[in-house]
Amino acid sequence: MSVKKMLLTIIFCFGFFNCYNTYSWGFFGHKLINRMAVFTLPSPIIGFYKKHIEYVTEHATDPDSRRSIVKGEAAKHYIDIDHYGETPFEKVPRNWFKAIEKYSEDTLQSYGIVPWWINVMMLKLTAAFRNENIDKVLKYSADIGHYIADSHVPLHTTENYNGQMTNQKGIHGFWESRVPELLSENYDYWIGKAQYIDNISDRAWETVEQSFAAKDSVLNFEAQLTSEFGGDQKFALEQRNGVTIKTYSEAFTKAYDKKLNGMVERRMRLSIITVGSMWYTAWVNAGQPNLDRLESKELSDSIKKAQAAEEYLWKTGTKLEKVKGHED
Ligand SMILES: [Zn+2]
């Protein structure tokens with residue numbers, strides 16, 4: 001093998017495995033979801049969120065940035081519901097304390113806690129609205145948008161989260177990053193207005209149930225297309241930030257999206273409306289505080305400092321703990 005060929009191979013491998021993380025929608029998708037959720041809001045709060053749209057957009061990916069540095073963070077992004085055997089939704093209690101009683105907290109943390117965590121985040125967001133604490137309202141809004149979006153991803157509900165059990169490694173990033181990055185320009189973002197959610201826990205669990213119901217199609221269609229396309233048609237080389245990477249080809253990606261009959265777009269649209277509805281619900285449950293008073297306030301120095309510290313840890317790769325969970 002020539003040196004040039006060897007170098008190219010290294011770049012391809014490096015590019016391929018680093019192009020898409022196996023975390024969630026990808027930076028692009030998460031930012032888009034939080035941003036579009038602002039436009040679903042009704043008049044009493046849309047002005048506030050529009051003013052801070054750059055914040056909720058930019059910070060949509062904070063929870064993923066924290067995953068490798070904050071203990072216990074990873075489990076908040078998914079639930080491997082199939083770990084609990086046949087008919088898991090009948091077995092696993094929606095109530096956190098009953099679930100702990102039945103399975104132990106260690107087990108729940110090991111296999112992911114996203115539906116319970118959405119409920120906790122809603123309590124935090126509601127309290128922040130009630131206390132008229134703008135820093136926390138924004139931080140929790142951005143965060144909860146992320147967790148809600150993750151719960152809409154089928155591969156966030158299974159132990160086979162990256163196709164690693166079925167020889168389909170890479171499918172996680174393919175579904176949630178490659179497909180929307182290539183096709184989301186044509187998605188329909190006319191989604192309607194956010195609605196008040198009566199039962200937050202039920203909504204979070206229903207979302208996970210729908211995601212899980214879709215995961216067989218996500219895996220099976222990819223396998224079918226792989227045998228139709230063959231290796232050389234399935235992947236292609238692309239330039240990204242000056243680096244050549246190997247990625248799923250445009251033809252394969254489009255064929256997959258067609259087979260899924262627009263599933264990625266549907267899950268993204270549902271994510272957007274659910275994020276908007278949760279924000280709205282938290283504000284209503286907090287007693288509908290007048291946000292006009294808060295609109296002129298800026299982020300406090302304390303939160304800026306905390307963010308700078310977090311960013312420093314992330315950039316320097318300082319790790320507090322190697323977290324177990326959905327990682328390559
Ligand atoms: Zn995530």
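**A closer look at the overall build of the chain**
Helix and strand counts for the chain stand at 17 helices and two strands. Expressed as a percentage of its 328 residues, the buried residues of the chain come to 51%. Partitioning the contacts of the chain with sequence separation of at least 6, the portion at a separation of at least 24 is 78%.

**A short note on the nonpolar core**
Grouped together as the largest cluster of nonpolar side chains are 79 residues, with contacts concentrated most on Tyr49, Phe129, Trp175, Tyr256 and Trp279. In terms of residues, this core owes the most to one element, helix H15 (residues 263-285), which gives 11 residues. Beyond its immediate stretch of four places on either side in the chain, Trp175 contacts Trp25, His152, Val153, Pro154, Pro180, Val218, Tyr256, Leu260, Met263, Val264 and Arg267.

**With respect to the pattern of salt bridges**
Counted according to the given criterion, the structure contains 14 salt bridges. Ionic pairing is found between Glu73 and Arg66, a salt bridge with its closest N-O pair at 3.3 Å. No difference in accessibility class separates Glu73 from Arg66, as the two residues are buried. In this structure, Asp188 engages Arg269 in a salt bridge whose closest nitrogen and oxygen atoms are separated by 3.6 Å.

**What about the pairing of strand E2 (residues 243-248)?**
Two strands pair when backbone bridges link them, and strand E1 (residues 235-240) and E2 are joined in this way by six bridges, in the antiparallel orientation. For Glu238, the partnering residue across the bridge sits in E2 and is Ile245.

**Section: the packing of aromatic side chains**
By the definition in use, this model includes 18 aromatic pairs. Seen from their ring centres, Phe174 and Tyr248 are 3.9 Å apart, and the 20 degrees between their planes marks the pair as stacked. Highlighted residues: Phe174 in helix H11 (residues 171-183) and Tyr248 in strand E2, separated in sequence by 74 residues. Among the residues examined, Phe174 registers a relative accessible area of 0% and is labelled buried. Residue Tyr248 is classed as buried on the basis of its relative accessible area of 1%. Taking 4.7 Å as the distance between ring centres and 25 degrees as the angle between the ring planes, the aromatic pair formed by Phe174 and Tyr256 counts as stacked. Here Phe174 is found in helix H11, whereas its partner Tyr256 is found in helix H14 (residues 250-259), with 82 residues between them in sequence. Each member of the aromatic cluster is reached from another via a ring pair, and the members are Phe174, Phe229, Phe235, Tyr248, Phe252 and Tyr256. Note that Lys76 overlies the ring of Trp117, its terminal NZ or CZ placed 4.2 Å from the centroid. Its end group placed over the ring of Phe235, Lys246 keeps NZ or CZ at 4.6 Å from the ring centre.

**Section: the environment of Thr207**
Checked against the element boundaries, Thr207 lands in helix H12 (residues 200-229). By relative accessible area, Thr207 is classed as buried at 5%. Considered as a pair, Thr207 and Val153 are 54 residues apart in the sequence and their alpha carbons are 9.2 Å apart. With near-sequence residues (within four places) excluded, Thr207 lies in contact with Ser151, His152 and Arg267.

**Notes on the environment of Tyr84**
Position of Tyr84 among the secondary structure elements: in the loop between helix H5 (62-66) and helix H6 (88-91). Here the alpha-carbon distance between Tyr84 and Tyr103, two residues 19 residues apart in the chain, equals 9.5 Å.

**Some details on the confidence of the model for the chain**
Of the residues in the chain, 83% reach a pLDDT of 70 or more, and the chain-wide mean stands at 87. Note that residues 1-22 has pLDDT below 50 and, in this model, 30 contacts with residues that lie over four places away or in other chains. A low-confidence stretch, residues 319-328 stays under pLDDT 50, and its non-local contacts, those more than four residues away or across chains, total 31 contacts.

**Concerning helix H7 (residues 96-103)**
Along an α-helix, residues three or four apart share an orientation, since each turn contains 3.6 residues. The backbone nitrogen of Phe97 has a side-chain oxygen 2.9 Å away, supplied by the residue at the start of H7, namely Asn95. Following H7 by one or two positions, Ser104 has its phi on the positive side, about 80 degrees.

**Observations regarding unusual backbone geometry**
Positive phi is not limited to glycine here, since Thr87 has a value of about 40 degrees. If you trace the backbone, Thr87 turns up in the loop between H5 and H6. Even without a glycine there, the phi angle at Asn241 is positive, about 50 degrees. Considering the arrangement of structural elements, one finds Asn241 in the loop between E1 and E2. Overall, the relative accessible area of 82% leaves Asn241 in the exposed class.

**So, helix H10 (residues 134-151)**
With 18 residues, H10 should reach 26 Å at 1.5 Å per residue; the first-to-last C-alpha distance of 26 Å fits that figure. The buried fraction of H10 is high, at 16 of 18 residues. Measuring from the backbone nitrogen of Asp135 back to the side-chain oxygen at the start of H10 gives 3.2 Å, which picks out Asn133 as the cap.

**Some details on the packing of H12 against H14**
In contact at an axis separation of 10 Å, H12 and H14 are set at 135 degrees when each is read in the N-to-C sense. The orientation of H12 relative to H14 falls into the category oblique. Considering only the axes of H12 and H14, their crossing is right-handed. Packed against H12, whose contacting residues are Val218, Phe221, Glu222, Gln224, Leu225, Thr226, Glu228 and Phe229, the element H14 presents Ala251, Phe252, Ala255, Tyr256 and Lys259 at the interface. Residues of the contact of H12 with H14, tallied by class, amount to eight nonpolar, two polar and three charged.

What counts, and where the lines are drawn
- Here, residues in each chain are numbered from 1, in the same order as that chain's written sequence.
- Totals for whole chains, interfaces and linings use all residues, but because this is a predicted model, local features are given only for residues with pLDDT of at least 70 and pairs of side-chain atoms are given and counted only at 80 or more.
- Side-chain numbers here rest on the full set of heavy atoms in the structure, without hydrogens or water.
- Numbering of helices and strands starts at the N terminus; helices are DSSP runs of H or I of at least 4 residues and strands are runs of E of at least 2.
- To sort residues, take the accessible area from a 1.4 Å probe on protein chains only and compare it with the maximum for the residue type: under 20% means buried, over 50% means exposed, and anything in between is partly exposed.
- In this analysis, two residues are considered to be in contact whenever any of their non-hydrogen atoms come within 4.5 Å of each other.
- As used here, the term nonpolar core means buried Ala, Val, Leu, Ile, Met, Phe, Trp, Tyr and Cys residues forming a set that is joined through side-chain atoms within 4.5 Å.
- Each salt bridge in this description consists of a side-chain nitrogen of Lys or Arg and a carboxyl oxygen of Asp or Glu lying within 4 Å of one another.
- By definition, two strands form a pair when at least two bridges between them are found by DSSP.
- Side-chain rings of Phe, Tyr and Trp, where Trp is taken by its six-membered ring, are said to pair if the distance between their centres is within 6.5 Å; with planes under 30 degrees apart they count as stacked, over 60 as edge-to-face, and otherwise as tilted.
- Only lysine NZ and arginine CZ atoms are considered, and such an atom sits over a ring when it is within 6 Å of the ring centre and within 35 degrees of the ring normal.
- pLDDT expresses how confident the predictor is about each individual residue, on a scale running from 0 to 100.
- By the criterion applied in these results, polar contacts are pairs of N or O atoms within 3.5 Å in which, for protein atoms, one can donate a hydrogen and the other can accept it, and in which residues neighboring in sequence qualify only through two side-chain atoms.
- One less than the number of residues in a helix, times 1.5 Å, gives the span that helix is expected to have.
- Helix axes are fitted to C-alpha atoms over the stretch in contact, other axes to C-alpha atoms as well, and angles between N-to-C directions run from 0 to 180 degrees.
- Roughly parallel means an angle under 35 degrees; roughly antiparallel, over 145; roughly perpendicular, 65 to 115; everything else is oblique.
- Definitions for this section: a left-handed crossing has its near helix turned counterclockwise from the far helix by less than a right angle. A right-handed crossing has that turn clockwise.
- Three classes are used: nonpolar for Ala, Val, Leu, Ile, Met, Phe, Trp, Tyr, Cys and Pro, charged for Asp, Glu, Lys and Arg, and polar for all others, with Gly counted as polar.

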